[in-house]
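# Chain and residue survey
One letter stands for each residue in the lines below.
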Amino acid sequence: MTRACSTPPPSPSPARARRRPSPNTNPTVIIIGAGITGIGAAYYLGLNKMSYTVLEANDDLGGVWHTHRWHGARCDSEFIKYSFSFKPLVSPYSLQNREQIHHYLGSVAEEFAILEHIRFNTRVTKVVFDTDATRWVVHTTAGVFTSCFLINGNGYFSDPYVPTFQDAEKFKGEIIHTSALDSRRTFLDQDVVLVGSGATAICCAPALSPVSKSLVLVQRSPSYIYESSNRAGLLTRACQHLHTMGITFPMKLLRYALQCKDDLIFVGFRGFPRFGRWFFKHHWSSTIDQETFQRHFRPRYNPWEQRIPVAVGLKEKLRDKEIVIKTGDIDRFTESSIVMANGEEIRCDVCVLATGFNLNLLKFDMYVGAEKIAVGGINFYKGIMLGGVPNYFHPFGAWHTAWTQRSETVIRFAIKVMAYMNASGFRTVSVDRRGVNFTPPLTSTYITRGLAMMPRFYGTYDLPAIDNIVSYRFNARSFNFS
Ligand SMILES: Cc1cc2nc3c(=O)[nH]c(=O)nc-3n(C[C@H](O)[C@H](O)[C@H](O)COP(=O)(O)OP(=O)(O)OC[C@H]3O[C@@H](n4cnc5c(N)ncnc54)[C@H](O)[C@@H]3O)c2cc1C
């Protein structure tokens, strides 16, 4: 039975850490991280009556929805897909902003009694699988914990990626990465240059422009951008309405239909790139002229080779000339400007870098016995188990659609594995270490930059609409049990 909540008021951002008792130090499962992955895992463990403790480095839950506070921070997956299947959000908007998602995750943790299992301000530094005791020993900044299983929801972003710019030290203004930007800041007397072309830049620009004297968006090369109205459609509203009346089936069906739509668009655009290019040209034709389109909106790659940023309000701001786009390499900084490779000089008091993050899938040291585990290049079965690492589940979300479209499914899959072990009296589960061929489905810069330290995925079609029905059927023969 799923329950819905409605659009929340802005989050009061309580210091949740201060008002909770200390959770179990030796549960069956330790979850690392209280982001959307960790909270989803906690829900399903609670549902299956398995004891668990969540270890969270920060003083609040939410992961990226707690820490990313820049102007315009929001999801660009429709929230009906991004929210948990067991807790739809009733809202007139199809996308939700950071505060709303943070509040949503807090409300899930409150409602399903997850909060009391979270140990805040507890950073995991090292985990060791004791092969004799067949238990994980988890070293943290707040002591040692042990458990039979680990579920790792530590996220995949690490430090901000800051490109090196020539003469940046001569610049008298401010250079700030979005990770350090607080949306309460205004720049009404300052010329702002926003550097980037991915989802962060496209979400940030329309929100940063009204609080800046001027805003220039500088991108090295164009991306495909899709502008959305951010209004929940009639069908969504009807399904939400039925849901609030206790008729939950239409909402589930709609969620699945949207998942199929995402997979179809992904496969369709990749299979028929000329159609994809035509689609985006048509999409922008009423907003910008042909020359502007060619210069700033015509990427070098084909549609859906990289994630497609979803804009809200960008068209209007471009039409009104409140945002100006410049495409090209930055040559250097001067004391008060940015000089492009073509010689054009852009006045700048504040340079906001929406240049993304480096990837890091494992934020602590991991050992199996005495062997240190390196995640780079290791086989990663169905986005859930690493080769040769027992009793360890690492739920990885979907690439081209909402993260939860896969992360939720793999968590349920992990629970089937644990339930089978419990019923059969097994103490360990693993998959063999082996070489697998792997080409990431997307070529986004942060993925290609971090490829060497990424595990090698296999065992699915990478299409949640199919995988969620076919690939996550539990088959005991796929694993080594002892
Ligand atoms: C602004 C923004 C917009 C996004 N929009 C979308 C979108 O529209 N659709 C989509 O699918 N994805 C989107 N993403 C990607 C997003 O990262 C994932 O959707 C998802 O939030 C990942 O959740 P997570 O819980 O796995 O990781 P995170 O949210 O990163 O949470 C990880 C948690 O683990 C904790 N942690 C890390 N290391 C340790 C440690 N050593 N010990 C203890 N705790 C630790 C962290 O403090 C954090 O709370 C967006 C990301 C950002 C930043």
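Preceding this section is the structure that the text describes.
Residues numbered from 1 in each chain as written. Predicted model: local features only at pLDDT ≥ 70, side-chain atom pairs only at ≥ 80, totals over all residues.

## Observations concerning the sheet that holds strand β9 (residues 149-152)
A sheet is described by the order of its strands in space; here five strands give the open sequence β5-β3-β2-β9-β26, paired in parallel fashion. With one partner strand each, in any of the chains shown, β5 (118-119) and β26 (392-393) form the two edges of the open sheet. Looking at chain direction, strand β3 (residues 52-55) and β5 are connected through two bridges and run parallel. Counterpart to V54 in the pairing with β5 is I118. (Pairing = 2+ DSSP bridges. Helix = DSSP H or I, 4+ residues; strand = E, 2+ residues; numbered from the N terminus.)

## Concerning the site of the ligand
Around the ligand, the structure places 30 residues, and the nearest of them are G33, G35, G63, C75 and G155. Broken down by element, the residue count for the shell around the ligand peaks at three residues, all from helix α1 (residues 36-47). The class makeup of the residues in the shell around the ligand is 14 nonpolar, 12 polar and four charged. (Near = placed C-beta within 6 Å. Nonpolar A, V, L, I, M, F, W, Y, C, P; charged D, E, K, R; others polar.)

## Digging into the nonpolar core
With 118 residues, the main nonpolar core has I39, L194, A205, V352 and A414 as its most contacted residues. For this core, the element with the most residues is helix α11 (residues 404-424), which contributes eight residues. Each of domain 1 (5-158 + 359-481) and domain 2 (160-231 + 268-357) accounts for three or more of the residues forming this core. The residues contacting L194, other than those within four sequence positions of it, are A201, C204, A205, L208, L215, L217, V352 and A354. (Core = buried A, V, L, I, M, F, W, Y, C linked by C-beta atoms within 7 Å. Buried ≥ 20, exposed ≤ 12 C-beta atoms within 10 Å, placed from the backbone. Domains from an automatic or database assignment. Contact = placed C-beta atoms within 7 Å.)

## Looking at the sheet that holds strand β19 (residues 345-347)
Across the sheet, which stays open at both edges, the three strands sit in the order β17-β18-β19 with antiparallel pairing between neighbours. The strands lining the two open edges of the sheet, one partner per strand, are β17 (330-333) and β19. Taking each pair of neighbouring strands and ignoring which way they run, the sheet shows an average axis angle of 25 degrees. Taken together, the three bridges between β17 and strand β18 (residues 337-340) define a ladder with antiparallel strand orientation. Bridging across to β18, F333 finds its partner in I338. (Axes fitted to C-alpha atoms, helices over the stretch in contact; angles between N-to-C directions.)

## Some words on the environment of I175
Residue position: I175 is located in strand β11 (residues 174-177). Distance from I175 to V193, taken between C-alpha atoms, is 9.5 Å for residues 18 residues apart in sequence. When near neighbours in sequence (up to four residues on either side) are disregarded, I175 contacts A168, C351 and L353.

## A word on helix α6 (residues 234-244)
Buried within α6 are the following residues: T236, C239, Q240 and H243. For α6, the angular spread of buried residues about the axis comes to 100 degrees, placing them on one side. Lining the buried residues of α6 we find α3 (79-82), β4 (89-90) and α7 (249-271). Count one or two residues on from α6 and you reach G246, which has phi positive near 95 degrees. (Arc of directions from axis to C-beta.)

## Looking at the packing of α1 against helix α4 (residues 98-111)
Where α1 meets α4, the closest approach of the two axes is 10 Å, and the angle between their N-to-C directions is 20 degrees. With respect to their mutual orientation, α1 and α4 come out roughly parallel. For the crossing formed where α1 meets α4, the hand is left-handed. Along its contact with α1, which presents I36, I39 and Y43, the element α4 presents L105, V108 and A109. Class assignment for the residues of the contact of α1 with α4 results in six nonpolar, no polar and no charged. (Parallel < 35°, antiparallel > 145°, perpendicular 65-115°, else oblique. Left-handed = near helix turned anticlockwise from the far one by under 90°.)

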